[in-house]
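Per-entry structural report
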Amino acid sequence: MRFSEKHGFAPVRSIIQIESVDDALRNSLWSLIKLYIWDKMLRAEYGGAFALNPKIRTLCTQFWFHYYKLPLDTLPNDWEEVHKFLRTDYFKCEWFEMYDFLEFVISNYPNDYEENFTRACNVSLRTEMSAYRIVDGKIARITSEEEIAEIENAIDTGIGPVRTHLRRALELLADKKSPDYRNSIKESISSVESLVQDVLGQKGTLGKLIKKLESEIGLHPALGKAFDHLYGYTSDEDGIRHSILESTTVDFEHAKFFLVVCSAFANFVSSKVKT
């Protein structure tokens, strides 16, 4: 993770790519298209000849006719020309057009490659912190503007310990080389725990202090109970904090959920204290 991201100088929306695509993500997705589509199709029984290979010829015809809306008699017979055209467009297009391109490939290439290709693309999308995933052949957003705003506001306005825990949670979540989802969740919960301790002016676990917070700021008991249960999930012997066995089920979606929810809760409690 870069210095600017680690220390909070880069905006959250540039770390979680919601309306942008950095070079690393764009490059990795194109490389997967090359490995799973272009290379495999051209290594087929036709010896890589574009004009004789019906699979890749059909895909490129679909691109020409349906995607680019170009006359079919302008589709070159030489694969190198077609490849250059597609590559140039892919690398110069807007971030949302890149996702259009990817989605079109998924919808129009032979199904025998689809599952592995989709899985590989989703790994890159997750690794490079894209706000999108491929779901049932379509590009779907998994992180909204509202979620980003909650995280940004909690980090920007939170008291020292809250800000520190949330930044650390984001850092662990966004580490592209070795993300630590388990400890990201711990930091998210710790941010809420620190905030509640500060509001009440006393030490203690979130589980013990949440009921006192209900009377202090008029927190609805149902909301207090919900966070008590979330804290319990991260604290019991089968939860995140004290798990003896490393569970493979703690993933990006779990960590992102806790970061968003804890940020929103911190913003909510802070607004109640100010009023």
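Whatever comes next refers back to the structure up there.
Let me sum up the structure you'll find in this document. The model shown is predicted, which means the values in this text are computed figures rather than measured ones.

Rules and cut-offs
- All residue numbers refer to positions counted from 1 along the written sequence of the respective chain.
- This being a predicted model, a pLDDT of at least 70 is required before a residue's local features are given, and a value of 80 or more before pairs of side-chain atoms are given or counted; all residues contribute to the totals for chains, interfaces and linings.
- Hydrogens are left out, water is left out, and the side-chain values use all remaining heavy atoms of the structure.
- Elements are defined by DSSP. Helices are runs of H or I of four residues or more, strands are runs of E of two residues or more, and each kind is numbered from the N terminus.
- Throughout, exposure labels follow a simple rule: accessible area from a 1.4 Å probe, protein chains only, divided by the maximum for the residue type, with under 20% read as buried, over 50% as exposed, and the rest as partly exposed.
- Contact criterion: two residues are considered in contact whenever any of their non-hydrogen atoms come within 4.5 Å of each other.
- Surface accessibility in these figures is a Shrake-Rupley result with a 1.4 Å probe; residues are shielded only by whichever protein chains are displayed.
- Each polar contact in these results corresponds to two N or O atoms within 3.5 Å; when the atoms are within protein, one needs to be able to donate a hydrogen and the other to accept it, and residues that are neighboring in sequence are counted only if both atoms are side-chain atoms.
- Salt bridge, as used here: a side-chain nitrogen of Lys or Arg that lies within 4 Å of a carboxyl oxygen of Asp or Glu.
- This count recognises Lys and Arg as positive and Asp and Glu as negative, with His and chain-terminal groups excluded.
- Residue count minus one, scaled by 1.5 Å, sets the expected span of a helix.
- Relevant arc is that of directions from the helix axis to the C-beta atoms, nothing else.
- Only strands joined by at least two bridges in the DSSP assignment are considered to pair.
- To form a nonpolar core, buried Ala, Val, Leu, Ile, Met, Phe, Trp, Tyr and Cys residues must be joined to one another through side-chain atoms within 4.5 Å.

Here's the deal with the overall build of the protein
The helix and strand tally for the protein stands at 13 helices and two strands. Burial statistics for the protein: of 275 residues in total, 44% are counted as buried. Here the contacts in the protein between residues at least 6 apart in sequence split such that 63% fall between residues at least 24 apart. Of the roughly 14300 Å² that the protein leaves accessible, carbon and sulfur atoms contribute 52%.

Some words on the environment of threonine 127
Within the fold, threonine 127 resides in helix H7 (residues 114-127). We classify threonine 127 as partly exposed; its relative accessible area is 29%. A polar contact of 2.7 Å, which involves the side chain of threonine 127, links it to the backbone oxygen of valine 123.

Quick word on the environment of phenylalanine 50
Among the structural elements, phenylalanine 50 can be located in the loop between helix H3 (23-42) and helix H4 (54-67). When the C-alpha positions of phenylalanine 50 and aspartate 78 are compared, they lie 6.6 Å apart, and in sequence the two are 28 residues distant. If we ignore the near neighbours within four places in the chain, the residues touching phenylalanine 50 are Ile56, Arg57, Cys60, Pro76, Asn77, Asp78, Trp79 and Val82.

Notes on the pattern of salt bridges
Per the counting criterion, the structure on display carries four salt bridges. The shortest N-O distance in the salt bridge between glutamate 253 and arginine 133 comes to 4.0 Å. Of this pair, glutamate 253 sits in helix H13 (residues 252-274) while arginine 133 is found in strand E1 (residues 132-135), placing the two residues 120 residues apart along the sequence. Judged by its relative accessible area of 37%, glutamate 253 is partly exposed. The exposure class assigned to arginine 133 is buried, which follows from its relative accessible area of 7%. For the salt bridge of arginine 168 with glutamate 171, the shortest nitrogen-to-oxygen distance reads 2.7 Å. Of the two residues, arginine 168 and glutamate 171 are both situated in helix H9 (residues 160-174); the distance of three residues between them amounts to about one turn of the helix. A relative accessible area of 33% means that arginine 168 is categorised as partly exposed.

Regarding unusual backbone geometry
Phi at lysine 69 takes a positive value of approximately 60°, unusual for a residue other than glycine. In this fold, lysine 69 is placed in the loop between H4 and helix H5 (79-92). Phi at methionine 129 is positive, roughly 60°, even though this residue is not glycine. Inspection of the secondary structure assignment puts methionine 129 in the loop between H7 and E1.

Looking at the side chain of arginine 26
The topology assignment puts arginine 26 in helix H3. One buried charged residue, arginine 26, forms no salt bridge at all, with the nearest opposite charge on aspartate 23 at 5.5 Å. A polar atom in the side chain of arginine 26 sits 2.6 Å from the backbone oxygen of tyrosine 90. From its side chain, arginine 26 meets the backbone oxygen of cysteine 93 in a polar contact 3.0 Å long.

With respect to H5
Across its 14 residues, H5 extends 20 Å between first and last C-alpha, which sits within 8% of the 20 Å expected from 1.5 Å per residue. Within H5, the full set of buried residues consists of Trp79, Val82, Leu86, Asp89 and Tyr90. All buried residues of H5 project into a common sector of 110° when viewed along the axis, lining one side. Across H5 from its buried face, at more than 90 degrees, point the exposed residues Glu80, Lys84 and Lys92. Residues of H5 that are buried sit in contact with H3, H4 and helix H6 (95-108).

Considering the pairing of strand E2 (residues 138-141)
Sheet topology note: the E1/E2 ladder contains four bridges and is antiparallel. Bridge pairing links tyrosine 132 to arginine 141 in E2. Two successive antiparallel strands, E1 and E2, enclose a turn made up of two residues, where aspartate 136 displays a positive phi of approximately 55°.

Some remarks on the nonpolar core
A general feature of soluble globular proteins is that nonpolar side chains tend to end up buried together. Trp38, Phe117 and Leu213 are the most contacted members of the largest nonpolar core, which totals 81 residues. In contact with tryptophan 38, not counting residues within four places along its chain, are Trp30, Ile33, Ile56, Leu59, Phe63, Trp79, His83 and Leu86.

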